[in-house]
Amino acid sequence: QVQLVESGGGLVQAGGSLRLSCLSSGRATTNYVMGWFRQAPGKEQENVGIISQTGDKYYADSVKGRFVISRDNAKRTVDLHMNSLKPEDTAVYYCATGSLLPSTAVSAYSSWGQGTQVTVSS
């Protein structure tokens, strides 16, 4: 099994930046796609971006140009660099893994972290 732990959330003003990090342990995640998702109050969980085993990246339109995903397989981390944050980015952010194919679907991922809160004030 894989355990995922997110860190780096917090309160930031609009226009600011945060870096979220996801540390994995247990089974190796090298062969899996890693994804970042978020869930705002009263809304469904949505994909923010994914990074494939070979480093190919996909971003949701709402964060394209502002967020950057990176992974370091040696350190077993996947980071989400968030810039130009907006109040609508406020959500609990989750990292996930377990998909062999690039997918933005929640159902494609079998292992999830507990989430980290990001709050962007206006």
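Procedures and definitions
- Residues numbered from 1 in each chain as written.
- Predicted model: local features only at pLDDT ≥ 70, side-chain atom pairs only at ≥ 80, totals over all residues.
- Heavy atoms only, no water.
- Salt bridge = Lys/Arg side-chain N within 4 Å of Asp/Glu carboxyl O.
- Helix = DSSP H or I, 4+ residues; strand = E, 2+ residues; numbered from the N terminus.
- Buried < 20%, exposed > 50% of the residue type's maximum accessible area, 1.4 Å probe, protein only.
- Pairing = 2+ DSSP bridges.
- Axes fitted to C-alpha atoms, helices over the stretch in contact; angles between N-to-C directions.

**What about the pattern of salt bridges?**
Step number 1: Tallied over the entire structure, the rule returns five salt bridges.
Step number 2: Across the salt bridge formed by Arg38 and Asp89, the nearest N and O atoms sit 2.9 Å from each other. Of this pair, Arg38 sits in strand β4 (residues 33–39) while Asp89 sits in the loop between β8 (77–82) and β9 (91–99), and the two are 51 residues apart along the sequence.
Step number 3: Classification of Asp89 as buried rests on a relative accessible area of 0%.
Step number 4: Connected through shared salt-bridge partners, Arg38, Glu46, Arg66 and Asp89 make up one network.

**So, the sheet that holds strand β1 (residues 2–7)**
Step number 1: If you trace the four strands from one edge of the open sheet to the other, you get β1-β3-β8-β7, paired in antiparallel fashion. The sheet terminates laterally at β1 and β7 (67–72), the two strands that pair on one side only. If you compare each strand with its neighbour and ignore which way they point, the axes differ by 15° on average.
Step number 2: Sheet topology note: the β7/β8 ladder contains six bridges and is antiparallel. Residue pairing for β8: Ile69 is matched across the bridge by Leu80.

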